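Spelled out, the chains give:
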Amino acid sequence: MKKTLLNRNTLLILSLVLGLAGGWGVDFFKLFTLYVLALVMIFSATSFDFKHLKDYKFFAKTTFISFLLNYIAFGIIILTAAYFIIDEKELFWGFVAIAATPPGIVIIPFTFIYKGNTNFSLIGVLGVYLLSIIASPLIIKLFVKDASVDTFALIRVTIEVIIIPILLSRLLLFKKIKPLIEKMRGQVVNWGFAIIIYTIVGLNREAIFSELDLVFKISLVLFITMFVVGFLYEKITRKFIKRETRISHNLMLTLKSSGYAAGLALVVFGERSALPAAFLAVFVLLYLILAGFLFEKEKII
């Protein structure tokens, strides 16, 4: 029972259900969303090994490919789909926040689980995170023309949620506390994301129940961006990209950090714009579960 309740998938699904059921205390949790996200990012960033920076040619090449997949390709696809499907600007801003979000840290462990190229995924996530310091605010300023975006708030979010956590994560890698941090890391990240998703869903529960067409449109955009594109990439590249690298590419192309996207949208745009990120968390879970079947098909085709 304890193991099941502490499972990442269980926690996130439970946070979604409880947010829909009542959303108790979400106004209180909303005040601490940015700090919870920063804590999650500190623990997540402990998985980054900066020793990989030494092989600068491989680092640069891997970062470039990962940036093309996770920011350029993903961004073009999700914003194009949202542009034609979503007719409310606040919700479209939410998809801009997703496009501006760095890749999900979850790419690294699931690359290992699916026997992908873990070295590529680790370096790619690290490199794109570093680039996101510039890319995230740039994308938002570029695509959100008619919103009163507080540039200072945008810079503050970038500093507090990416730069400072990466720096502070180094302090958690001292030999005496590193084993303890590695034990805690998974649960801190899981509970942090669960609190964020619970808050976003709770704040928007009335809109979810009263606007089912809105739920359908958000889900359709995410389904196209993740499932349709992920399947097509797997089918098209199967003949000329090695399986290990193809799996890493696929995860990099389809997965964003839902917690970061939710926090960014909530702080910069408001509650309504954070709704797509809440649904993103659900779609990330579904994709990670179903991706195993997609990658395993190679054995029987």
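These numbers come from a predicted model, not from an experiment. (Residues numbered from 1 in each chain as written. Predicted model: local features only at pLDDT ≥ 70, side-chain atom pairs only at ≥ 80, totals over all residues. Heavy atoms only, no water.)

What about the pattern of salt bridges?
- By the definition in use, this model includes five salt bridges.
- Notably, a salt bridge pairs Lys-217 with Asp-87, separated by 3.1 Å at the nearest N-O pair. With Lys-217 in helix H12 (residues 212-237) and Asp-87 in the loop between helix H5 (56-85) and helix H6 (89-99), this residue pair connects regions lying 130 residues apart in the sequence.
- Overall, the relative accessible area of 22% leaves Lys-217 in the partly exposed class. (Salt bridge = Lys/Arg side-chain N within 4 Å of Asp/Glu carboxyl O. Helix = DSSP H or I, 4+ residues; strand = E, 2+ residues; numbered from the N terminus. Buried < 20%, exposed > 50% of the residue type's maximum accessible area, 1.4 Å probe, protein only.)

Remarks on the packing of H6 against helix H8 (residues 118-143)
- One way to put it is that H6 packs onto H8 with a least axis distance of 9 Å and a crossing angle of 155°. Considered as vectors, H6 and H8 are oriented roughly antiparallel to each other. As H6 runs across H8, the sense of the crossing is right-handed. In contact with Phe-92, Val-96 and Ala-99 of H6, H8 contributes Ile-139, Ile-140 and Phe-143.
- Its residues assigned to classes, the contact of H6 with H8 comprises six nonpolar, no polar and no charged. (Axes fitted to C-alpha atoms, helices over the stretch in contact; angles between N-to-C directions. Parallel < 35°, antiparallel > 145°, perpendicular 65-115°, else oblique. Left-handed = near helix turned anticlockwise from the far one by under 90°. Contact = heavy atoms within 4.5 Å. Nonpolar A, V, L, I, M, F, W, Y, C, P; charged D, E, K, R; others polar.)

With respect to the environment of Ala-194
- Position of Ala-194 among the secondary structure elements: in helix H10 (residues 178-203).
- In this structure Ala-194 comes out as buried when scored by relative accessible area, which is 6%.
- On a C-alpha basis, the gap between Ala-194 and Ser-15 in space is 5.4 Å, while along the polypeptide they are 179 residues apart.

Some words on the packing of H10 against helix H14 (residues 258-268)
- Interhelical geometry of H10 versus H14 gives an angle of 45° and a closest axis separation of 9 Å. Comparing their axes, H14 and H10 come out oblique. Where H10 crosses over H14, the handedness of that crossing is left-handed. Contact residues: H10 offers Phe-193, Ile-196, Ile-200 and Leu-203, while H14 offers Gly-259, Tyr-260, Ala-262 and Leu-266.
- The residue inventory of the contact of H10 with H14, partitioned by class, reads seven nonpolar, one polar and no charged.

Thoughts on the nonpolar core
- With 103 residues, the main nonpolar core has Ile-78, Phe-95, Ile-218, Leu-222, Leu-251 and Leu-255 as its most contacted residues.
- Setting aside chain neighbours within four positions, we find Ile-78 in contact with Phe-95, Ile-98, Ala-99, Val-221, Leu-222 and Thr-225. (Core = buried A, V, L, I, M, F, W, Y, C linked by side-chain atoms within 4.5 Å.)

Some remarks on a nonpolar patch on the surface
- A cluster of nonpolar side chains, Ile-155, Ile-159, Ile-164, Leu-168, Leu-171, Phe-174 and Ile-177, forms an exposed patch at the surface whose accessible area comes to about 580 Å².
- Here Leu-168 lies in helix H9 (residues 151-169). (Patch = residues over 30% accessible without salt bridge, like charges linked within 9 Å, V, L, I, M, F, W, Y side chains within 5 Å. Areas by Shrake-Rupley, 256 points an atom, 1.4 Å probe, with all protein chains shown as cover.)

A word on unusual backbone geometry
- Of note in this structure, Lys-115 is not a glycine but carries a positive phi near 60°.
- Residue position: Lys-115 is located in the loop between helix H7 (107-113) and H8.

Regarding the side chain of Ser-248
- For Ser-248, the location among the structural elements is in helix H13 (residues 243-254).
- Relative accessible area serves as the criterion here: at 0%, Ser-248 is assigned to the buried category.
- At a separation of 3.2 Å, a polar atom in the side chain of Ser-248 contacts the side chain of Ser-121.
- Residues within four places of Ser-248 in sequence aside, it is in contact with Thr-111, Gly-116, Asn-117, Phe-120 and Ser-121. (Polar contact = N/O pair within 3.5 Å; in protein donor to acceptor, adjacent residues only side chain to side chain.)

Quick look at helix H4 (residues 33-44)
- With 12 residues, H4 extends 16 Å from end C-alpha to end C-alpha; this agrees with the ideal 16 Å at 1.5 Å per step.
- Here H4 lies mainly inside the structure; 10 of its 12 residues are buried. (Expected span 1.5 Å × (residues − 1).)

Examining the packing of aromatic side chains
- All chains considered together, the criterion is met by 10 aromatic pairs.
- Here Phe-110 and Tyr-114 contribute two aromatic rings whose centre-to-centre distance is 6.0 Å and whose plane-to-plane angle is 45°, an arrangement assigned as tilted. Of the two residues examined, Phe-110 and Tyr-114, each falls in the buried class.
- A centroid spacing of 6.2 Å and a plane angle of 70° characterise the contact between Phe-227 and Phe-283, whose relative ring orientation is edge-to-face. One end of the pair, Phe-227, is in helix H12; the other, Phe-283, is in helix H15 (residues 275-296), with 56 residues separating them in the sequence.
- Taken together, the aromatic side chains of Phe-28, Phe-29, Phe-32 and Tyr-198 make up a single cluster linked through ring pairs.
- Over the ring of Tyr-71 we find Lys-256; its NZ or CZ atom is 4.0 Å from the centre of that ring. (Phe/Tyr/Trp six-rings, centres within 6.5 Å; stacked < 30°, edge-to-face > 60°. Lys NZ or Arg CZ within 6 Å of the ring centre and 35° of its normal.)

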